[in-house]
Amino acid sequence: MAEGVVHWGIQNIFGVWAESRIWECRLKGKVLKESDGEYNPLSPGDEVEWEPSGPNSGMILARKPRRNAYSRWNKKKSLPQTLAVNLDRLILVTSPVSPPFRPRFLDRALLMAQIENLSALLVVNKADQGLDAEVEDRLATYQEWGLDVHLCSAKTGEGVEELKDHLQGVVSAVVGQSG
């Protein structure tokens, strides 16, 4: 039996990082298939016990306990859907204009991060579009609450190098209005 970390999953097939490469793994038996009140049994970041079943494939035998989990509500199945686990930081990406700034989305994501004891970083991309007074006020409120707010622009390169510094040495999930 070996240990690995789930990197992705599609219809009960999971990419598991182990032995310096990705193995395509399936769930063995019904151990995890019947998830207890969850939409998905495994998520990126899950530590698993597995065994090889071929040159590039394996079978997942068990999931180790999670340190934390970032989830959202899955309307279709009426269950929580875990997006990523065992994180150090949640990075929330938004924009000031296009797509429109959505503070309700940010508030929900920040609440979930707080519930799971995750530090959060708010990244406002497309800062070159300019910030109106409403966006500036909301960002100031977030900063008053102790949230680190980072302005950048992928188009102009402004703030990108500083953002890279925030990503070094921590396991992060990036979430935004489009995924």
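Here's what I pulled together on the structure shown here. Remember, predicted model here, so these are calculated numbers, not experimental data.

The rules behind these values
- Residues numbered from 1 in each chain as written.
- Predicted model: local features only at pLDDT ≥ 70, side-chain atom pairs only at ≥ 80, totals over all residues.
- Heavy atoms only, no water.
- Patch = residues over 30% accessible without salt bridge, like charges linked within 9 Å, V, L, I, M, F, W, Y side chains within 5 Å.
- Areas by Shrake-Rupley, 256 points an atom, 1.4 Å probe, with all protein chains shown as cover.
- Salt bridge = Lys/Arg side-chain N within 4 Å of Asp/Glu carboxyl O.
- Lys, Arg positive; Asp, Glu negative; His and termini not counted.
- Charge placed at Lys NZ, Arg CZ, Asp CG, Glu CD.
- Helix = DSSP H or I, 4+ residues; strand = E, 2+ residues; numbered from the N terminus.
- Expected span 1.5 Å × (residues − 1).
- Buried < 20%, exposed > 50% of the residue type's maximum accessible area, 1.4 Å probe, protein only.
- Polar contact = N/O pair within 3.5 Å; in protein donor to acceptor, adjacent residues only side chain to side chain.
- Contact = heavy atoms within 4.5 Å.
- Pairing = 2+ DSSP bridges.
- Axes fitted to C-alpha atoms, helices over the stretch in contact; angles between N-to-C directions.
- Core = buried A, V, L, I, M, F, W, Y, C linked by side-chain atoms within 4.5 Å.

The next thing to look at is a negative patch on the surface. Taken together, the side chains of Asp-128, Glu-158, Glu-162 and Asp-165 define an acidic patch exposed on the protein surface. Structurally, the position occupied by Asp-128 is in the loop between β9 (119–124) and α2 (133–144).

Take helix α1 (residues 103–115) next. With 13 residues, α1 ought to run about 18 Å at 1.5 Å a step, and its terminal C-alpha atoms sit 18 Å apart, in line with that. Listed as buried for α1 are Pro-103, Phe-105, Leu-106, Ala-109, Leu-110, Met-112 and Ala-113.

Let's shift gears to the side chain of Asp-46. In this fold, Asp-46 is placed in the loop between β3 (21–27) and β4 (47–52). By relative accessible area, Asp-46 is classed as buried at 0%. Looking at Asp-46, its side chain comes within polar contact range of the main-chain nitrogen of Ser-43, at 2.8 Å. Not counting residues within four places of it along the chain, the set of residues in contact with Asp-46 comprises Gly-4, Val-5, Val-6, Pro-41, Arg-63, Arg-66, Val-85 and Asn-86.

Attention now goes to the pairing of strand β2 (residues 13–18). Of all 6 residues in β2, 5 are buried; the element is thus mostly enclosed. Strand direction decides the pairing type here: strand β1 (residues 2–10) and β2, joined by 5 bridges, are antiparallel. Residue Trp-8 lies in a different strand from β2, and its bridge partner there is Gly-15. Following β1, the chain reverses through 2 residues before pairing antiparallel with β2; Gln-11 in that reversal takes a positive phi of roughly 45 degrees. For β2 and β3, the ladder comprises 6 bridges, and the chain directions are antiparallel. Across the sheet, Phe-14 pairs through a bridge with Cys-25, a residue of β3. Linking β2 to β3, which pair antiparallel, is a turn of 2 residues; within it Glu-19 sits at a positive phi near 55 degrees.

Read around the closed barrel, 5 strands run β1-β2-β3-β5-β4, paired in mixed fashion. Averaged over all pairs of adjacent strands, the angle between their axes in this sheet comes to 55 degrees, without regard to strand direction.

Grouped burial of nonpolar side chains is what soluble globular proteins tend to show. With 23 residues, the main nonpolar core has Tyr-70, Leu-90, Leu-92, Leu-106, Leu-122, Leu-139 and Tyr-142 as its most contacted residues. Within the residue set of this core, elements represented by two or more residues are β8 (89–94), α1, β9, α2 and β11 (172–176). When residues in this core are grouped by element, the largest group, 6 residues, is from α1. Setting aside chain neighbours within four positions, we find Leu-92 in contact with Leu-106, Ala-109, Leu-110, Leu-121, Leu-122, Val-123 and Val-175.

Structurally, Arg-89 can be placed in strand β8. Beyond its immediate chain neighbours, meaning those up to four positions away, Arg-89 contacts Leu-118, Ser-119, Ala-120, Leu-121, His-166, Leu-167, Val-170, Val-171, Ser-172 and Ala-173.

Take unusual backbone geometry next. Cis geometry is found at the peptide bond from Ser-98 to Pro-99, where omega equals 0 degrees. For Pro-99, the location among the structural elements is in the loop between β8 and α1. We note that Gln-11 has phi near 45 degrees; this positive angle belongs to a residue other than glycine. Positive phi outside glycine occurs at Asn-12, with the angle close to 65 degrees. Structurally, Asn-12 can be placed in the loop between β1 and β2.

A separate point is the sheet that holds β9. Where strands meet in a sheet, backbone hydrogen bonds hold them as pairs that are either parallel or antiparallel. Read from one edge to the other, the open sheet built from 4 strands follows the order β10-β9-β8-β11, with strand pairing classed as parallel. The sheet is open, and its two edges are formed by β10 (148–151) and β11, each paired on a single side. Strand after strand, the sheet turns through a mean of 25 degrees between neighbouring axes, direction not considered. The sheet contact formed by β8 and β11 spans 5 bridges and is parallel. Looking at the pairing, Arg-89 lines up with Ser-172 of β11. Relative to the sheet, α1 contacts β8, β9 and β11, its axis offset from that of β8 by approximately 180 degrees. Contacting β9 and β10, α2 crosses the sheet at an angle of about 140 degrees to β10.

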